[in-house]
Structure formats: C-alpha cells, structure tokens
4 protein chains.
Amino acid sequence: MTIDLQDNAPRTPPLPPAGTGRTLRDVPMPGFVKRLAQRLALLPGQPDMASARHIDRLRRTCNEALAKPNKIGGLVAIAHVADQYAAMSPAERGVFFNLLRDEFGVNPAEVHGAYDAYRDGADEPGAALIRLTKALESPRLQLFRLFNTIPAGIKFLVDLRAELLRRLKGDPGLRPMEFELRHLLESWFNLGFLHLERITWDSPAGLLEKLIAYEAVNEISNWGDLKHRLISDRACFAYIHPAMPGEPLIFVEVALVRGMPDNIQRLLDTSGPDLRPEEADTAVFYGITNAQAGLHGIPLGNLLIKHVTQRLRAQWPKLDTFVTLSPLPRFRQDFLNPALENGGLEAFFDEQQAQRVCALAGEETLGRAVWALLERPAWPEDREVREALRDGLLRAARAYLLNVQPHNGQGGQRTVIGGRAACPVAHFHAANGAVLQRINWLGDVSPRGLRQSAGIMVNYLYDPLKFESHQNSYMAHGRIDAGRPVLAL
Amino acid sequence: MTIDLQDNAPRTPPLPPAGTGRTLRDVPMPGFVKRLAQRLALLPGQPDMASARHIDRLRRTCNEALAKPNKIGGLVAIAHVADQYAAMSPAERGVFFNLLRDEFGVNPAEVHGAYDAYRDGADEPGAALIRLTKALESPRLQLFRLFNTIPAGIKFLVDLRAELLRRLKGDPGLRPMEFELRHLLESWFNLGFLHLERITWDSPAGLLEKLIAYEAVNEISNWGDLKHRLISDRACFAYIHPAMPGEPLIFVEVALVRGMPDNIQRLLDTSGPDLRPEEADTAVFYGITNAQAGLHGIPLGNLLIKHVTQRLRAQWPKLDTFVTLSPLPRFRQDFLNPALENGGLEAFFDEQQAQRVCALAGEETLGRAVWALLERPAWPEDREVREALRDGLLRAARAYLLNVQPHNGQGGQRTVIGGRAACPVAHFHAANGAVLQRINWLGDVSPRGLRQSAGIMVNYLYDPLKFESHQNSYMAHGRIDAGRPVLAL
Amino acid sequence: MTIDLQDNAPRTPPLPPAGTGRTLRDVPMPGFVKRLAQRLALLPGQPDMASARHIDRLRRTCNEALAKPNKIGGLVAIAHVADQYAAMSPAERGVFFNLLRDEFGVNPAEVHGAYDAYRDGADEPGAALIRLTKALESPRLQLFRLFNTIPAGIKFLVDLRAELLRRLKGDPGLRPMEFELRHLLESWFNLGFLHLERITWDSPAGLLEKLIAYEAVNEISNWGDLKHRLISDRACFAYIHPAMPGEPLIFVEVALVRGMPDNIQRLLDTSGPDLRPEEADTAVFYGITNAQAGLHGIPLGNLLIKHVTQRLRAQWPKLDTFVTLSPLPRFRQDFLNPALENGGLEAFFDEQQAQRVCALAGEETLGRAVWALLERPAWPEDREVREALRDGLLRAARAYLLNVQPHNGQGGQRTVIGGRAACPVAHFHAANGAVLQRINWLGDVSPRGLRQSAGIMVNYLYDPLKFESHQNSYMAHGRIDAGRPVLAL
Amino acid sequence: MTIDLQDNAPRTPPLPPAGTGRTLRDVPMPGFVKRLAQRLALLPGQPDMASARHIDRLRRTCNEALAKPNKIGGLVAIAHVADQYAAMSPAERGVFFNLLRDEFGVNPAEVHGAYDAYRDGADEPGAALIRLTKALESPRLQLFRLFNTIPAGIKFLVDLRAELLRRLKGDPGLRPMEFELRHLLESWFNLGFLHLERITWDSPAGLLEKLIAYEAVNEISNWGDLKHRLISDRACFAYIHPAMPGEPLIFVEVALVRGMPDNIQRLLDTSGPDLRPEEADTAVFYGITNAQAGLHGIPLGNLLIKHVTQRLRAQWPKLDTFVTLSPLPRFRQDFLNPALENGGLEAFFDEQQAQRVCALAGEETLGRAVWALLERPAWPEDREVREALRDGLLRAARAYLLNVQPHNGQGGQRTVIGGRAACPVAHFHAANGAVLQRINWLGDVSPRGLRQSAGIMVNYLYDPLKFESHQNSYMAHGRIDAGRPVLAL
C-alpha cells in the first residue's frame, strides 16, 4: 500500500485549458454562470461582466461579489469570476493570482489599528479581539467562501488550490493565500461531513471512471481490471463529500484472503480462483489513493482504515486480521544509495555474505556492490544474487523502517512529539496505530517495486484492540512497535 | 409572513435537562460516546473519563481532544465532553462556559509575539502573517471544530450556540467565544452545502414532527392541520444540511391560489373547496420560520424565496405572481403607541375622520384615541370604528413601512449602504428585492394580528425579472419600491 | 397477536363515495384519466367517453379497452372505466358488476368447441389444449389485467376485489369473477415481488397514517402512540409491493424485551423505562395485521415472521428468542359456551375446584358456573374467582389449542394433510412451524381480552433451527408441538 | 432503428454452462440456494436434495416444492431445482424439459371430469367453471410461479423461456409449456410494473455493461463509445422491472439534433461538435433493442416511444419533432431478389433508367441487373451506379413499405383487422401510430445497411397529436399513412 499524496496531482482533471473554442465532450462542464442560471432561473448574464477579460474588469467583478454576499448580484458576479478563470490561459491565471495576492489580502493598516486597540485595552474587552480577528480575515478569503454559494463551486476551489500549490514554489508570496485556502478547505472537509461509501460495480460509471483516472499506485488498466477490483473477494471504499457527489476524495482498495499476503503480484493476479468472501479471515489494504490534488495536506486518511475495518467486520464477521501490503518507496534512494555515505551496510550483512555480494558485483565496497546488483534489471531471477542479498537487505529494511528521526521542536505539528519515521508510509501507519508486522522479501518484483523498494514489501497490522496503545508509542515516544516476525529477523 | 428569528429559541428541542436519571423515550439520543463507539466499533469508553464530572477532569478531557485531533483517542475525548455537557445542570454548564472563556481562549502573549514579528517584518513575509492568524485562532475554536468529527456533533454545536446566545446578555465576556462559534457555523451553513427540499406528506414523520414544533407564526395545531399545509394546493420547502438530516433549518409555507390574497384567515381556512394547483396563478409565501435558535444571525433566508420561486415555476408553469402575505409585527408598538410622541398621526387622517375617531374613543388627542380604539378586543366587528380608522391607519402603515432609517455608518454591515427599514419584515423583503405591493385592511383579525399589526397585512411582490433593480434601490439608496396599489393610497 | 383478516375490511380507505361533487381534500385522488394523461402527456379525454354513465356506454368503453390492449386508445378507455366506477353509487356499482358477470364472462360455446377439439385430438396436440385454456380466460379477466397498465390501477383492483367480496354472499353468481380476480392478484402479490421494509418514525407520514388506520388488534390511538411503537425498543416491519408504494400489505409489530412476556398490558405500557435494544434477548411479535381487505385469502404472512426474524438477528445479534404474545379469540365462544354442550369442562377441573366454582357462581353445572363467572365484568379483580378458575381454565385452553380437527378430504387445500387447528391463530402459527410454548393466565385483562380469550394469552415460539420439523408435525400429522411449560400444566 | 427481437438471443448472458467446477468470476451468481439461505438465514441445504442429479430426485424435489408452496421447505426445494438446472449440461436440460412436459402437465382425466360437470350443470353454477379452470392449470405452471418466490427467480424464468424457445422448433410438444410460461411472464411484465428509467453515465456500471452486451443494431464498441451515447446531446431510456433491477428489458437510444436526419453514419459520428440539447428541435430514435431473449413476443415496446417522448418534452420543451431513423432489414432479400419473380421492378424505373441499369450491370433483365449492381461491395462510391439506381429503388422501397398484406383471419391477433405490413419495422411503427415520413437514399452505407436495406433508411414520424388516428388507419383499414416527402416521390 502506498500513500501517494503528491504524485497524482497532474492527473486531477483540470478545468478546461484556455483558448479552446468549445467545451470538450468529455468534460460536461456547462459553465458556472449557466449552472447558476439554471438553479435560480435567472436571465442570461450581464454583457458587461460576461466580456470581462481584462484585469480591471475582473477586479470589479470580485468587488461586486464581495459587496453583495448571498445576493443574486453577488452570486452572478462570483460565477462570472469562475467562468473567466476556467477560460484563462496559464499566464492569465498568473495575473489573476497576483491580483488576489496584492489587492485582496489583509490590510496592514487595519491590522495595526486593531492591534493597537487590543493592546491598549481601550475597547470593551472582547470587542477588540473580535476586531483584530476580523482585520486578519482577508477579502480574498471571503471571496473563496463565496465560491461555495454557486453550483460546483467547492470543486472549483479544490482545483484552484491544486493550481496554487503548483505555483507556490515559484512565488512564496502566495503562501498566505494558500494558507487561507487550505484552512478553509480543512474546515469544509471535516470528518463530520464525509460519507464513507463502498464503491461497487453498481456505482455510477461517472464515479468509477474517476477511480481509473486517479489510482496512483497499482494502476487500473481498464474497465475489466476495475471490475475485478470491485466484485467477489475485493472491495473498495471512498470518502465522499456531499457537496461533491461523484468525486472520491480518498479511496482504499481491499482484498479478502486467507492468511497474510507477502507478494503484491500474486495478490493482484486475476487468473486464479476466487475466494468466497465469507471464507476469508484477512482483509488486506493494498492501495490508498488521495484523489484530489487540491486537498493535499488535509488529513482525510487518519480514520479511514478504522472506519473501513468496522464496515468490513460488520459485513463479514469472520474477518479477524487487518493488514496492509505496503512499499517502502524511498528505501533504495534514501537508504541504499552509496552516494549518501550514511554509515555503510556492513552492519546488516554478515561477513561471508558481504564478500559474496562484492564478488558477484565485482565491486570493492559493500555499498557499491549492493547498489550495482540492484541496478541489474531482472536481478530477482538470478538465484545467486537473490540469496546473497536476502538477509542483509531485510535487516537493512528493518533498520530503515524502525528509524524515527527525533523531532526538531519547530512547527505547529505538536501532535508528533516523538519524532517522525524516515519512511513516509511507516509514518502514516504508525501514526494510525499500526504495527510493523512483517517484511517480505521479493514482495513486489515489478520494475517500480524494484526501483523504489528494492523489491521488498511490508505488512502493517491493524489490531482494533491495540491500535491506541501503538499510536501512543509512536506519537509520544517515537517508537514504532514491531511484530514477532520482524523482531525475529 | 413573519420572519421570526428570536421568538422560537425556547422551542428548539434542548439537550436533555440535567439530572434526569434516564434518557427520555421521546428524545432518542443514545449518547455521543455510544454513537461514536457504534460508528467505529470501539470498546466501551474509558472509565476515567466517563466519570469526569469535575471541572479539572473536563479540562483534561478537552486538552486530550486537542492533543489528538482526528485520532481515535481525541474523538473519544470529544464525545465524552459532549456527553458530559448533555448531562450537566444549568449551573454546571455555566462553569463549563467559564472554563472555555478563561482557559481556552486566545493566548495574548502569543498574539503580542506574533504581532511584533509581523510589524518588524523580521520573518519571511507571509510567514509572519500566518503566525499571527494562527495565534488568533483560540484552542476552543479548534475544539468546536472537533465536535463535528463525532456523530451528531454539528447539531450539538448548533444547540451549544443557542445556549450561548441565551447567556450572552448576562456575560459579555462570552462574546469572543460566540463570535468564533458563529463564524464557524456561518462557514458550515454556507449556501453551497444546503439542499432545498420540498416537504410533503410523504416526508419522514420525524421531520414533519419538527415543523409542528418549530412553526412560529401561524401555529400548526396538530397532524391533521399539518397535512392540510402539505397536500393539494399547499406546499412547503426547507433548507436541510446534509450533516443534519431530518432537521429543517428554515422553511417557507406556500399557498397556490388565484389572485393576490388579502386576508390570512381566509387563506388558511381549510373548509372551502381546494384549487387544483395547476389552475393557480399566484404563489403566496405565508410563513417563513427559522427552525434553529442556534443559527440566529446566520443568513439562510436570502436566497430561499428565489430558490423556491424557481422550483414552483418549474412544476407549475402557469404561476406568474409570487407574493407574501406578511404582518407588520411592531407597527402598533413602535409607530402607534402614543407614549412615543413621535410626531402625531394627524398627517394620516383627514380632519373629519380624526374628529370621528376622537369622538368614538372619547379621547381628546388623535394618538390616544386611535390607541384606545385599538385596545378594544373585537374592534373590527364595530363597523363605525372600522370605517373611522381605515384610511388613516392604512396611510400610517404606508409611512411606517416605507420609512428607512439612515445608516449610522458604524458596524460591519457595509452591504446596507442606504439605511435600514424601520419594520424588520420590510427590511428582509426589500433587501431581497421585493416590492411593497399592497397594504390590506383587516388582513389578520386574530388577537395576535390585532395586537401586533393593528390587523393590517402586507403583500410583498417578488418579480423575478426585476428584483435585482429593487434590491439596488434599497441597498444603495435606502428606498423601498412600492407597487401601484400602495402608491394610490 | 391476532391474525385479523376479515375484521378490518371496512377500514380500507374506499374509493370516494358516489355523488360527491368534488374530490375530497383528504383523498388526493385526481382521477385515473388525469393521471394517465399526465404520464403520457395526452390531450384531455374524449367527451364521448367522459360522459359515459349509462350502461351501454360503459359496455362500449370496456370493449374498446379490450380491442386496443397496450395502445393509447385502450388505455384511455380503461382509465375512463376506472373513473366512472369511482364516481358510481352503490347501486350503479351493482349494475356494473352484473355487466361483468353476464357479458364479459367465459363464452360457453367457445368452451364447448375447444373441448370437443381437445377430446377428439383433431388438432395438433398442444394447440387444442392452448385453445381450451384460452377459451377459459374470460374477457373480464383480460380487462382486469389491463387495469394495471394505468397509474394506480393495481390499487384499484385490490379495492375492487374488496367490494366484490362484500357482494359475494348476496350473489353467488359473482364467484367465478372473484376467483379470477383472486387468482390474478395472487400471481401479482407473489412473494418475489414484495419488499420487506422496516417502518420507522422516519418513514413517510403518508405510510404511517395508514398503520394508524389499519391496525386491527391493539389499536393505535394517535401519532404519539404510533411513535412509541416505532422507536427505541420497538420495531415494525411491512411487506410493500413496488407498484403500490406507501401502502403496507401486511405488517408485524415487534417489542424487544428481556424474557418471554406474559401480559399484553405490561408489554404495551409506555410509562416504564425503555430497554436499550442491544440488551434485549427476546423479540415479541405482538401484532400482525393484514392491511388490504382486497387481498383477503392471499397468503402474505407465511414467510413474514421468518423474514423479520432474520432481519432482527442481523441487527441485534444477541436476540435468541422469538415469540408471539397471542390471543385465543374464539376460545370463550367456541369452547366455553355452555350452549355448545360439547362434553363438559369437568375433565379440566379437579373436583374441589369445580365445587368452588359452582358455589361462587351459584350455578349447578360447572359449565354454567364458569360462564357466569366470566360474564362478570371485572372478575379478574376478585381473588377468589381468579384462583378458582385458574388451573381449570388453563387446562381447558391447552386442550382447545392442541385440538386439531381431522381433515375432511375435500377442497383444494392439499397442503393441510393432517387437519386444521380449532383455533385460527394456532393454525396460522403451527402451519408456520411455531411451538405452543406457554399459556399465560390473565395475559390480557382488557374487555376485549376477557370477552374473547377469557383473559388468557399464548406464547408461540419460533425456533429458527426447528421450525421445519414442527411444521411437518402439523402439516403431515396434524399435531401441534408444545413446549415444556405447556406440557407441565 | 431496428426492432430486433430474435437476433440477440444468443447474447443473453446464459446461466453458467454445465460442468464448470466453479462459479465464474464474471458471473457473480452465488447459487439460488445460497441466496435464499442468506435472505432467510437458513441452515445449509439438505444433503439429500443437494446431490440430486438424477431424474427421479429432480422429480421428487419438484413435487416437494409443489406440496409446500410458500413454506420454507418448498422454497428450499425450488431453489435446489434452480441450482441443479444451472449446473446441467444441455442434454440434461433436455431431460428436465421432457420431465416437465410429460409429468407436470395438465391431467386429461381431471379435465374431462371437470368438463362433464360443467356441461351437465350438475354443480353449482360457477363452481364447475372454477373447477374446469383449475384443472387446466398445470402443476408445472404452479412450479413456474413458485420460482418467483426465491431471490433472482424471475430472471431464472426469463432465461428458462429463452432456452425453451430455442428448443421449440425441435419439439412441438413443448408448446403448451411455452404458452404457459409466456402467459405468466406477460402477466408479470405488465406495463403497470415497469419503470421507465433514463440511463445516464451515472447509472450503475453493472447496468451499463449490459447495454454494451445487448445492443443489437448499431453496436457499442466500448465504454468510451457508450459514454458518447449517454451524455451531452444523446439520451437512452429503458424499461426496468422492479424484481429484476439492473437488467434493462428494452431500451431506446435517442439523439437530439436540429432537423430530421437522413444518414445514420453522420448521426453516430462522434468527431463533430456537439449540440447543446436545449437548442435541439428534433429527437431521433435511432435504436430500439429488446434485451431479454426470454421475453420475446411479450409486447414491451408499444408505449415505449410515447412514454419517452413525454419525458423528452418535459425536459426540453423546444423539441417539436420526434422521428426514427430506421432500416428496412428485409427489403433487399424479400423484395429485390430476382429469384422471387414477384412481378418485376419495371414499374418503378422509367425506361431510360432501366436501360442504363442493365447496361451498367451487363444483364438483360432489370431485376437481375439491379441485383448484380447491389452485389458490388462499394457500389455507392460509383457515381454512375448510384444515379442509375436512385429513383427506381426509392420508388420500389415506397411500394414495399406501404404494402400491407391482407389479414387471413386466422389466429388470435384480432387487433390487426386491417392486415400486416410486409416490412416488420414498418409494422411496428404503423401499429404505434407513426407516419412513413421520408425515405432516405444512402442513409446507411455500412456493409450491413447495404446488404439488408440496399442502403436506404426511413424516417417514421411520431406526431403526438395524431398518432391515434394514424394507428386507426393501420389497424382498422390496413393503411400506412405517408408524409409529404414520401407522397412526392
């Protein structure tokens, strides 16, 4: 299972690109003004605003929206802004972001004035604080909030943030805007608003189509492949927001099997006989995908696995083991790379094996030798190589996975007192209360699996009765609890 | 139609009162911890927290919730806070609010530090602003946000605010907390999240039951009465929030008739023959009710009438007139009361009529005479009184209704540039783009109608093609547009 | 629990009575032609047919419907027949039934001709059989089938049969028509088409209203009473037909309790504390009601209890006992009535008790004495009477309940090989596989309970693992299996 | 548009073929016994019946089902029959059909006895008729009816009839059985039970998958192609039976365009720009498909077009023209084939053209020449051929399409008094009230279009105001009404 927040950003279906003369058939997006007109049976939009391409007109339209919140005139204005944004070229969008950054931000004079009153205690206590808080709410944040009053406005904002995130590196001045938008979306994508839905082969095709588009890790190649992941001994669950129906936010793919699996290729193989789900004892979470690039950094996955576990047990009471089958996506790059000179692998290989590895690779140092062997495309098929690397790499993986870097004390993430695991996947599951149960040799022999995880895969185990104590181990003490098979390595 | 935001506060079904040993059968509220346990299949709650009645335990539980946001432990903590609050006596709740006020508010030291960095520009620009904004987000606001992560948590917050509003007068120190909670709810009860639902006789009984409980103005006496308001030539629409299903937020009652109605008793009479809805040409909005005291001040009604109008036209294309039948609930008290000495009614009565009124009442001044006649319980049945008062009172009502008090420039309501109508109902409809179409003599002869509106009722007309220009008249120029019948008075 | 098929016939909401100039507000039934016109956007009905009140016009309209099955013209014709029927007086309806009886029945000449061909084997084998079968399908049966092609037509047929059943005694000539209609409805109300729905307080009010109207046994007095039967530790399930949404066909009321209940008044008492349903171990079926008089005799209830049992166990796995609390509605009249002279009660009373009973009643024979005591209105409050009657009456009840009258061999009910229980309630449950588990003294002290069941109530026990063998006992061998408490009497 | 009842029979997803050791992954059909066990929480099936492969066991199981209708034992028996049938080889199925034919048919002795009583009038009148009717209801018909009491039983019956239809030619003795099953299904697939559903891209994938599988005429090549037929300016409607959710019975594909289309290739071309549906004036029914081979001969399509027309107009009020684009699938074979010697084409070609045709083909007679030219694979690309054939073939097509063969008076189809069109598609639409509006030269140049319809396509026009009179023309007088373009040919 990979948690893949960043990678799939470009896959998010973008608003239609600029300059295309007509709405694409595949993007049934009839325009925000039109949709609003349909909802409220308005007359066609005002020509003055409809033609507003130039920046001063856009500024005026934004101001009109702010001046008439929750009024028809304001709604029409905000819909026009959305339609114009959708039709803009990348360069024009840059101008638009600059406009928001420079002219719709917090007014420093107001902040200073409000702060002075607050500090002096001149006003009624409370009133000064409220005034200061208001001064720090920028007009563009109010504008963002207004987008949600028009149909499909929330999806617009999610996509707007995806764009903003892409531009952030190039322009740190956009950070406050991004902070505001993230804060708003975090409030709106609060757990209390999300529905956990089981996705089945009887779900709307328009929703399933998005699974195919978004699945980041174990690619879904076509509708037939998708069907295999939804029927029989497979299941899929997604969080859905009621204002974005038909759009999965995050989804998890589950296989129902007997016994803890150790290899992703065997798990995904569709040619073998199916298990009747009621005979399974183990649920395997083999893929979690964040589907909305614009929701990056907003914690949707924390409770997902527990929530799904509860659903699975209610339907199939015989399930008693809940595990993942997960990669170590940065293991090879961050831990095995000899360029890192991070101490050497000698600690993990016994001497005899180290010599064999060096001999096989024709390298002098163990680090270079391991790296060289792993560079060979189909090394797992070479029995000698396989056997020479096995024990040492497994021990190295264990060390990597259990490594928690002490927390530097900075930043707002006061929840991670204990530190942070070097492996992001390990961090996600440890913070959720999972145990590092087993490390599987040659668990993923796909090119990607070899390149990222040196072919290794991990089972994280979720024990409903104990995840709270495991979570505490990690969060309070920076310790990742390991299962017997890992300890026995 | 009355917009009745304050009155129905006490009708909101409160959380169970303190000290009742058992959950009431009529209040199927199984406890927040229990519901959470059901959702996530948790073990029963920790005994330590379950018994926490004392303030230090409550403090600890709140801190635990804040320390583990979106983690199981944090969720359990927040559910315990909710359960404890539900079981508290009024006095205990007071202590709880004080705790939030005093210990979970903004930390002034953090604010000062952040402000200094912001002012000095020491930090990276943007980072300082973000830090200041974060410093102004109090822990209790984070706590409020967390309540929504547990089942039924949003309704808990709405009811919490209803309680807070009741306590606000007695303790102005609660104001920042109320501001934070209102701001949060305003963000969550954003128009984009609400569904407009037609309420019918086939709606869930649990929802209909609430209409009976909440209807503020033209009371619904029983299920039979309610049925008459939902079938045949009647309709009802409500905004519903997806996270509070079965709870109407605001609802409007509509009658389908031929011609603009001038009397509420005739409109509500159920003994006459029904009209087939497809033969109606006029939709009458005869009641709008805010159902949630805890959402007081959050603008839900602004687009409601337009939204409903659109729905009605889609279903019955022959409808071409959309009007209200509305009271002037403060007319008698604020305009006719002789104690006010606000200039005299002489301007509205011609001399002959004024003398007749004085003679009938046996009073010397017109103001006192009018007041005296209106004090008579069944004055509309006395033809002489009726005729003497008619023209003068109608003219007085027109003056009252068209009176817009200039805006004093203070406060944040920058949207009302032009001022604010003296009559709150006139304000609501004028701000929504309605025209003061007709003033109806003896439009409501119920005791309440006579006591509040001197028996007069008003039709506000919504013309879909023109409401934007009417709205502008009012909001930009402080002018309420009047229809021909009013102008002709 | 009473199975009450006949009694509630008059409660079925009839089609509007004849001669009322307008559709009643409470009966939102806009006419069959109008509904059909709405579905298919037809022009207004043909004037010729619309005015058809006279019998020859009705005959012509029926023939037109038969001539154009599944064509627009035929549909309009059938809708006109339905509208005319709805507007007819009772006498006119009689004429209509006579028309169907005399002119739309089977054509004897066709039957004779087809039979001759069948007997002679002249035609191709098979073809002759088909021809004979067709000859026996009367035009009126085809007409009945056509009613279902118009909106609300199936409910029309159900109500038509209710009317037909009422007229059957007066006119045996209607029997073939009734047979045809029953056969058709039996085919359409086949188990495969029915949905088992849990009725809750969130069910449509229009459906709940019908529960109040139909409940036959333990009357539902108002909406508050109904609510008590739907929430907390109560449940209600109904079979619904998809073509008659909002109309329960048969429904069962369930109480979740601890331990097998012995008294209906205590069970229905709403003042006591509620049980949390998940703590209950016993589900009590305390009322089954057939809601449609027009479906009398069509077996809907056979699988209902098993189906409901399965649902209850899925939701509350701790439930392990499924019982009824049922009356013996004909016990006093059919078994204790001294006028019957059916052998005497002496077998059930020991001598001492028999003397005491006679002494208390001042009667000489035991039969008359028992009867006399039972005639006293509040006899259960008299301790002496109570104790004198107890043992003897319980033994008498046992004898009555276990009495299975040998089957006379006639009729088509070949499924009851073993005979038929004297008590109709015992028959229903024994045929469904229940055990006569316990007989409860003073289980129902309401006037009705005393009058019908001499105050006694019975628990029939449904054991999911054994009902098939119990069913076989009864159906193959005419034996009702009894539980230990009954055997121990 | 083709009405294609027979062709797609083999496409119906069959029950799993015999002998496969396991349920196929693509056919999630867990067995009838298992599904029944799930619904009613039964114990696993009786071993005795489960192993019943042999014919005497099957007979016994059928008798058990008949002996316990609506009882658990009977249901289990019937589910076992279904499971056994599903697992049978074709030969075994033949034995099963023979069993039903020979041992579960009508009992002649009962028929004779009942008839005698009926003829003699010995019994009470009515009773004899009922007895005779019952005697003609075979046990196997009762068995069929019982299949619907188990989950998925109705689909089982539909598929059973598909199999029966395939066997009918080989064994006429199956005809009464087929008649009974058709009659039963006709009663159950009555218009009153069907829902008209719009199929969209948000319909369940499991349903859409079936459209791809069933579409007979203009093949749907993949999911992308399907999507194009469901969004934007396309629509699709299907009748669904509530007891067979997810299974379309018959569906119609609609294109929204401007002006009446004359060519199917242009209509289906997906590369051109889309029309906004609200700008369309014409709805084109370009494909009607019967999806269930087992419902062959049961009239589902009669009202479909009117029903869909009503829906389309309600959503897009600007639509004012409703036409088909239909083939003449037997035109070339039945009318142009020179082997038929049916009078000669000379009547349709003027002399000059006839000579040109003969010259181009190098044939002496016109009939052979036309046939020879049509045999050339890509003749429409040869301008000379195209022009030589055009006028003559169009006139021939008109003659063919308007040809109504007088009715021979036999059979039960008394609704077609006037006769029956030679072209089956013309018959379908004329009987539904359509007008033969236009005949389009080179309307379908696909290989299939050339082979069947000589490249010609027809527009049938549905005028909602007139279809009843057109229907009468055809049904009463055997006349197909033609539009102006056809008359002008």
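Scroll up to find the structure this text is about.
First, a word on scope: everything that follows refers to the structure included in this document.

Some details on the relation of the copies chain C and chain D
Line of reasoning, step 1. Expressed as a screw transformation, the operator carrying chain C onto chain D has a rotation angle of 179 degrees and an axial translation of 0.0 Å, and the superposed copies differ by an RMSD of 0.2 Å. Look at the turn and shift together and you get a two-fold axis relating the two.

Observations regarding the side chain of serine 138 of chain D
Residue and element names in this part refer to chain D.
Line of reasoning, step 1. Mapping serine 138 onto the fold places it in the loop between helix H7 (127-135) and helix H8 (139-147).
Line of reasoning, step 2. Accessibility expressed as a relative area gives 0% for serine 138, which makes it buried.
Line of reasoning, step 3. Serine 138 has contacts with Phe104, Gly105, Val106 and Glu180, leaving out every residue within four places of it along the chain.

Points about the packing of helix H6 (residues 108-120) of chain A against helix H7 (residues 127-135) of chain A
Residue and element names in this part refer to chain A.
Line of reasoning, step 1. Running from N to C, H6 and H7 cross one another at 160 degrees; their axes reach a closest spacing of 8 Å. With respect to H7, the axis of H6 lies roughly antiparallel. The way H6 lies across H7 gives a crossing that is left-handed. Between H6 and H7, the contacting residues are Glu110, Val111, Gly113, Ala114, Tyr115, Ala117 and Tyr118 on the first element and Ala128, Leu129, Arg131, Leu132 and Ala135 on the second.

A closer look at the interface of chain C and chain D
Accessible area lost on assembly of the parts is the figure often given for the size of an interface.
Line of reasoning, step 1. Each partner contributes to the interface: chain C provides 68 residues, whereas chain D provides 67 residues.
Line of reasoning, step 2. Together chain C and chain D conceal approximately 6000 Å² of surface at their shared face, both sides included; 62% is due to carbon and sulfur atoms.
Line of reasoning, step 3. Taken as a group, Lys71, Tyr115 and Phe193 of chain C account for 10% of the area that chain C buries against chain D, more than any other trio of residues on that side.
Line of reasoning, step 4. Viewed at the interface, chain D and chain C are joined by zero salt bridges.
Line of reasoning, step 5. For the pair chain C and chain D, the interface holds 15 residue pairs in polar contact (both at pLDDT 80 or more).
Line of reasoning, step 6. Its residues assigned to classes, the side of chain C that touches chain D shows 32 nonpolar, 22 polar and 14 charged.

Let's talk about the relation of the copies chain B and chain A
Both copies of the chain are placed relative to one another by a rotation about an axis and a shift along it.
Line of reasoning, step 1. Turning chain B through 180 degrees and shifting it by 0.0 Å along the axis lays it on chain A, with an RMSD of 0.1 Å.
Line of reasoning, step 2. When the interface residues of chain B are mapped onto chain A, 99% of them again lie at the interface, so the same face is used by both copies.

Quick notes on the interface of chain B and chain A
Line of reasoning, step 1. Taken together, the contact pairs 68 residues of chain B with 67 residues of chain A.
Line of reasoning, step 2. Taken together, the two surfaces of chain B and chain A that pack against each other cover about 5900 Å², and 62% of this comes from carbon and sulfur.
Line of reasoning, step 3. It is Lys71, Tyr115 and Phe193 of chain B that lose the most area in chain B upon contact with chain A, and together they represent 10% of the buried surface on that side.
Line of reasoning, step 4. Between the two partners, chain B and chain A, sit zero salt bridges.
Line of reasoning, step 5. Linking chain B with chain A are 15 residue pairs in polar contact (both at pLDDT 80 or more).
Line of reasoning, step 6. Where the side of chain B that touches chain A is concerned, the elements lending two or more residues are helix H1 (32-40), helix H4 (72-87), helix H6 (108-120), helix H7 (127-135), helix H8 (139-147), helix H10 (175-188), helix H14 (304-315) and helix H21 (467-477) of chain B.
Line of reasoning, step 7. Of the residues belonging to the side of chain B that touches chain A, the class tally is 32 nonpolar, 22 polar and 14 charged.

Structural notes on the packing of helix H16 (residues 351-361) of chain A against helix H17 (residues 366-375) of chain A
Two quantities define a packed helix pair, namely the angle between the axes and the distance from one axis to the other.
Residue and element names in this part refer to chain A.
Line of reasoning, step 1. For the pair H16 and H17, interaxial distance at closest approach is 8 Å and the crossing angle is 55 degrees. Comparing the axis directions of H16 and H17 gives the class oblique. Considering the relative orientation of H16 and H17, their crossing is left-handed. Across the interface between the two elements, Ala354, Val357, Cys358, Leu360 and Ala361 of H16 pack against Leu366, Ala369, Val370, Ala372 and Leu373 of H17.
Line of reasoning, step 2. Partitioned by chemical class, the residues of the contact of H16 with H17 number ten nonpolar, no polar and no charged.

Observations concerning unusual backbone geometry
Line of reasoning, step 1. Not every positive phi belongs to a glycine, and alanine 454 of chain B is a case in point at roughly 55 degrees.
Line of reasoning, step 2. Exposure remark for alanine 454 of chain B: the relative accessible area of 0% places this residue in the buried category.
Line of reasoning, step 3. Despite not being glycine, alanine 152 of chain C shows a phi value in the positive range, around 65 degrees.
Line of reasoning, step 4. Structurally, the position occupied by alanine 152 of chain C is in the loop between helix H8 (139-147) and helix H9 (153-168).

Comments concerning the pattern of salt bridges
Opposite charge on two side chains permits them to pair, given that their charged atoms come into close proximity.
Line of reasoning, step 1. By the definition in use, this model includes 111 salt bridges over all chains.
Line of reasoning, step 2. In this structure, arginine 119 of chain A engages aspartate 116 of chain A in a salt bridge whose closest nitrogen and oxygen atoms are separated by 3.4 Å. Of this pair, arginine 119 of chain A and aspartate 116 of chain A both sit in helix H6, three residues apart, roughly one helical turn.
Line of reasoning, step 3. Residue class for aspartate 116 of chain A comes out partly exposed when judged on its relative accessible area of 29%.
Line of reasoning, step 4. As a salt-bridge pair, glutamate 103 of chain D and arginine 59 of chain D come within 2.6 Å of each other at their nearest N and O atoms. Highlighted residues: glutamate 103 of chain D in helix H5 (residues 90-103) and arginine 59 of chain D in helix H3 (residues 55-67), separated in sequence by 44 residues.
Line of reasoning, step 5. Residue glutamate 103 of chain D is classed as partly exposed on the basis of its relative accessible area, which comes to 41%.
Line of reasoning, step 6. Ionic contacts of the salt-bridge type, sharing partners, join the residues Arg93, Glu163, Arg166 and Arg167 of chain A into one network.

What counts and what doesn't
- Residues numbered from 1 in each chain as written.
- Chains lettered and ligands numbered in written order.
- Predicted model: local features only at pLDDT ≥ 70, side-chain atom pairs only at ≥ 80, totals over all residues.
- Heavy atoms only, no water.
- Least-squares fit on C-alpha atoms with pLDDT ≥ 70 in both.
- Helix = DSSP H or I, 4+ residues; strand = E, 2+ residues; numbered from the N terminus.
- Buried < 20%, exposed > 50% of the residue type's maximum accessible area, 1.4 Å probe, protein only.
- Contact = heavy atoms within 4.5 Å.
- Axes fitted to C-alpha atoms, helices over the stretch in contact; angles between N-to-C directions.
- Parallel < 35°, antiparallel > 145°, perpendicular 65-115°, else oblique.
- Left-handed = near helix turned anticlockwise from the far one by under 90°.
- Buried area = accessible area lost by both parts, 1.4 Å probe.
- Salt bridge = Lys/Arg side-chain N within 4 Å of Asp/Glu carboxyl O.
- Polar contact = N/O pair within 3.5 Å; in protein donor to acceptor, adjacent residues only side chain to side chain.
- Nonpolar A, V, L, I, M, F, W, Y, C, P; charged D, E, K, R; others polar.

Worth remembering: the numbers are spatial, not functional.
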